[in-house]
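This is what each chain is made of:
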Amino acid sequence: MARDSDSSTYPPSIGLIYVFNLIVGTGALTLPAAFANAGWIISLCVILALSAISYMTLTFVVESMAAANAIVRNKRAKLLSKKESMERLNSGQDDSDSSASSSPTKSLLERVKVRKKRSSHRNPSIYTAIMQSEDDDHLQSSAINGTSDMVLLSPQNYLEECDIQETIEMGKLASMFFNSAGSVLFFVCITIYLYGDLAIYGAAVGKSLRDTACTYFPIDVPCNETLNGTVACWEGYDLSRDNAYRLFLSIFVTVIGAFGFFNVQKTLFLQILTGIVRWTAFIAMIVLACIRLLSSPKEDQGHPSVANVNGLPNLFGACVYSFMCHHSLPSLLTPISPKRGLYKLLALDYILIAGFYLLLGLTGIFAFPHLEDLYTLNFVPNRCPHGPSGNLTATVLAVVVPKEAVSMAQQIMFYFLTLFPVFTLSTSFPIITITLRNNLKQLFLRKDEADHCFFVRRLLFPLLALIPPTVLAIVTSDISFLVGITGSYAGAGVQYVIPALLAFYARRELKKEFPQDQVRNVFASPFKHVCFILFVLLWAGASIGFVTYNHVMADK
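In this report, we go over the structure that sits alongside the text. One numbering rule holds for all chains: residues counted from 1, following each sequence as written. In keeping with the model being predicted, local features are shown solely for residues with a pLDDT of at least 70 and side-chain atom pairs are shown and tallied solely at 80 or more, while totals for entire chains, interfaces and linings include all residues. Note that the side-chain values use all heavy atoms of the structure and ignore hydrogens as well as water.

## Remarks on the overall build of the protein chain
Helix and strand assignments come from DSSP, with helices taken as H or I runs of at least 4 residues and strands as E runs of at least 2, each series counted from the N terminus. Of the regular secondary structure elements, the protein chain holds 22 helices and 0 strands. Partly exposed residues are those whose accessible area sits between 20% and 50% of the maximum for their type, while under 20% is buried and over 50% is exposed, using a 1.4 Å probe and protein chains only. Counting every position in the protein chain, which comprises 556 residues, the buried fraction comes to 53%. Pairs of residues are marked as contacts when any of their non-hydrogen atoms sit within 4.5 Å. When contacts within the protein chain are restricted to residue pairs at least 6 apart in sequence, long-range pairs at least 24 apart make up 85% of them. Only the protein chains shown count as cover for residues, and the accessible areas themselves come from Shrake-Rupley with a 1.4 Å probe. Carbon and sulfur atoms form 64% of the exposed surface of the protein chain, whose accessible area is close to 25300 Å².

## Focus on the pattern of salt bridges
When the charged atoms of two side chains with opposite charge come close together, those side chains can pair. Just to be clear on terms, a salt bridge is a Lys or Arg side-chain nitrogen sitting within 4 Å of an Asp or Glu carboxyl oxygen. Here the structure, examined in full by the defined rule, presents 8 salt bridges. With a shortest N-O distance of 2.7 Å, Glu63 and Arg507 are connected by a salt bridge. Pair noted here: Glu63 is in helix α4 (residues 40-90) and Arg507 is in helix α21 (residues 479-513), with a separation of 444 residues, a long-range link. Here Lys207 and Asp373 are joined by a salt bridge, their closest N and O atoms 2.9 Å apart. Here Lys207, found in helix α11 (residues 180-213), pairs with Asp373, found in the loop between α16 (342-367) and α17 (392-400); they are 166 residues apart in sequence, far enough to count as distant.

## Considerations on the state of the cysteines
When the sulfur atoms of two cysteines come within 2.5 Å, that pair is taken as a disulfide. Applying the stated criterion to the full structure yields 1 disulfide. In this model, Cys214 is linked to Cys233 through a disulfide, with the two sulfur atoms separated by 1.9 Å. Between Cys214 and Cys233, the disulfide has an S-S torsion of -95° and is therefore left-handed. Of this pair, Cys214 sits in the loop between α11 and α12 (241-256) while Cys233 sits in the loop between α11 and α12, and the two are 19 residues apart along the sequence. In this pair, the class of Cys214 matches that of Cys233, namely buried.

## Details of the packing of helix α3 (residues 31-38) against helix α14 (residues 312-322)
Each axis is a line fitted through C-alpha atoms, taken for helices only over the stretch in contact, and angles between the N-to-C directions span 0 to 180 degrees. Across the interface, α3 lies against α14 with an axial gap of 8 Å and an inter-helix angle of 150°. In terms of axis orientation, α3 runs roughly antiparallel to α14. As α3 runs across α14, the sense of the crossing is left-handed. Of the residues in α14, those in contact with Leu31, Ala34, Phe35 and Ala38 of α3 are Leu312, Asn314, Leu315, Ala318, Cys319 and Ser322. All amino acids are sorted into three groups, where Ala, Val, Leu, Ile, Met, Phe, Trp, Tyr, Cys and Pro are nonpolar, Asp, Glu, Lys and Arg are charged, and the leftover types, Gly among them, are polar. Its residues assigned to classes, the contact of α3 with α14 comprises 8 nonpolar, 2 polar and no charged. Roughly parallel here means an angle under 35 degrees, roughly antiparallel means over 145, roughly perpendicular means 65 to 115, and every remaining angle is called oblique. Should the near helix be turned anticlockwise from the far one by less than a right angle, the crossing is termed left-handed; should it be turned clockwise, right-handed.

## A look at the packing of aromatic side chains
Remark: the centre distance and the inter-plane angle together describe each pair of aromatic rings, the angle taken between the planes. Classification of ring pairs uses Phe, Tyr and Trp, with its six-membered ring standing for Trp, and accepts pairs whose centres are within 6.5 Å; under 30 degrees between planes counts as stacked, over 60 as edge-to-face, and the remaining range as tilted. Scanning all chains against the criterion turns up 22 aromatic pairs. With centroids separated by 5.3 Å and ring planes inclined at 80°, the aromatic side chains of Phe368 and Phe379 adopt a geometry described as edge-to-face. Highlighted residues: Phe368 in the loop between α16 and α17 and Phe379 in the loop between α16 and α17, separated in sequence by 11 residues. Exposure class is identical for Phe368 and Phe379. Each is buried. Members of the aromatic cluster, joined through ring pairs, are Phe20, Tyr55, Trp279, Phe282, Phe323, Tyr350, Phe356, Tyr357, Phe420, Phe527 and Phe532.

## Notes on the packing of α11 against α12
Running from amino to carboxyl end, α11 crosses α12 at an angle of 125°, the nearest separation of the two axes being 8 Å. Taken together, the axes of α11 and α12 lie oblique to each other. When you trace α11 past α12, the crossing you get is right-handed. Contacts between α11 and α12 pair Gly202, Ala203, Val205, Gly206, Lys207, Leu209, Arg210, Asp211 and Ala213 from the former with Arg241, Asp242, Ala244, Tyr245, Phe248, Leu249 and Phe252 from the latter. Along the lines of polarity and charge, the residues of the contact of α11 with α12 split into 9 nonpolar, 2 polar and 5 charged.

## Thoughts on a nonpolar patch on the surface
Patch membership is restricted to residues that have no salt bridge and whose relative accessible area is over 30%. Joining uses 9 Å for like charges and 5 Å for the nonpolar side chains Val, Leu, Ile, Met, Phe, Trp and Tyr. A cluster of nonpolar side chains, contributed by Phe454, Phe455, Leu459, Leu463, Ile467, Val471 and Val475, occupies part of the molecular surface with about 630 Å² of accessible area. When you line up the elements, Val471 lands in helix α20 (residues 454-475). Overall, Val471 belongs to the partly exposed group, its relative accessible area being 45%.

## Here's the deal with α20
Look at α20: 31 Å from first C-alpha to last across 22 residues, which is about the 32 Å you get at 1.5 Å a residue. Along its length, α20 shows its largest kink, about 35°, at Leu460, and proline Pro462 lies within four residues downstream of that point. Of the residues making up α20, those classed as buried are Val456, Phe461, Pro462, Ala465, Leu466, Pro469, Thr470 and Ala473. Next to the buried residues of α20 lie α11, α12 and α19 (420-444). Here a helix's expected span is defined as the number of its residues, less one, multiplied by 1.5 Å. Here the bend at a residue is taken as the angle between two axes, fitted respectively to the seven residues that end there and the seven that start there.

## A word on the nonpolar core
Note that soluble globular proteins tend to have their nonpolar side chains buried in a common cluster. Among buried residues, the Ala, Val, Leu, Ile, Met, Phe, Trp, Tyr and Cys ones that are joined through side-chain atoms within 4.5 Å form a nonpolar core. Counting residues in hydrophobic clusters, the biggest one holds 135 residues, and the most contacted among them are Phe177, Phe282, Leu315, Leu333, Tyr357, Tyr375 and Tyr496. By residue number, the principal contributor to this core is α4, which donates 18 residues. Phe177 has contacts with Ser64, Ala67, Ala68, Ile71, Leu502, Tyr505, Ala506 and Glu509, leaving out every residue within four places of it along the chain.

Printed below as a string of structure tokens:
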């Protein structure tokens, strides 16, 4: 749970790239279809509003991380001081008065010196000014006279006390600031979200592999309709598209899910490779959509509605899912050094991401008359070979590629864009599986893991992490539905409710740990007033209620 950040640090620019890559993922591929269903005006307003609220709750998580670091370090210092006192008593020191007076002095001196040594290589100016103006004799006098707050209350010490130096994950934050019931509810919420995440990943990979492999398109089916699952995958064969989807899904889970039984990490190389593939695909989709807008006839382009309230539930879920990064913030932000101006840089990240989402979604809804729930599937060139506008990718490529090279470029672009989710999600699927596996262990195992049999330790929880989402993905391949439900309920809890409550209780615990205002959280959220926390909670409740109402009314 905890890690010293000095062992592996990177500059803010690299950290922001990691955050950017974490946020911009599979959820972005569901936005164009959600935009088309809700209308472009509503989509514009909703995504801007949700990006602002998501940033607000992100600052709540960062504030809670800083408060947890300060509390952990202070408790550790108290424990060390108590241990030193016990050792002196056990050593048979007779002069108890002298020991009592020197103990706090020595503890304070050691604490400041340790902090000076630990931070000197990271920011040499922090303790230089303090130690130039405060020599050891003066510090000892201050400690004896009870005026040591003069040192501990300097702005630099504020920064050091609440500096985010150790990776304290969300589960640890929940156990620190919530009671036992709240901690269990947190793990239930994050577990449900991860189950939905794996189901979405499985469905996206299964559909991508199916649409890559299945080449049959009936002549009597309009080009702008999604093929029924009962249609044959290949002409002359009995294998249906639904069964092909389930077959590819099962193969993917069996091969890639097997890594969930072990411990693997997404290395720097994989992060860079995934980032390159992701950005190449997204930029290609935006460019191809723009070229199609400029080159194809008006009747072959999209004509989205201005507003459609019925599309709001799925749009809300897709937007929440697309801005999700809160559960991974501790491991991403802790190694950043230095952290000055962190909130401004994260705000810039969110502005860029919101602009990118709008560009991706708006170009998609105006370029294509029909949008698949996974945007990459709109670029399949053999989707409707008999129609005048069926070969979408070929139509666009003909504008920028010589005619003799269209066929080869078409195939390369076809396989790259259609298999893009397979490439990226194959590296993320094992990581999410392991995260879910560990959360299930923490939720259900009450004894030490070594006390259980081999089946429980190595087999049971990976299977519990893999089987339910696989069954869910087999039952439904509707990615828009899966994203809408996951984002609207578990996603709202992880992105809105949990960060707001963490910030509220972290502030209270920080005051308890430092009752005389001995520390100030320099990473406190810009949204300090309790009204912002109340607003987020009310917003989450109202949004979940609205989504539930729309789903209930739609079923009637």
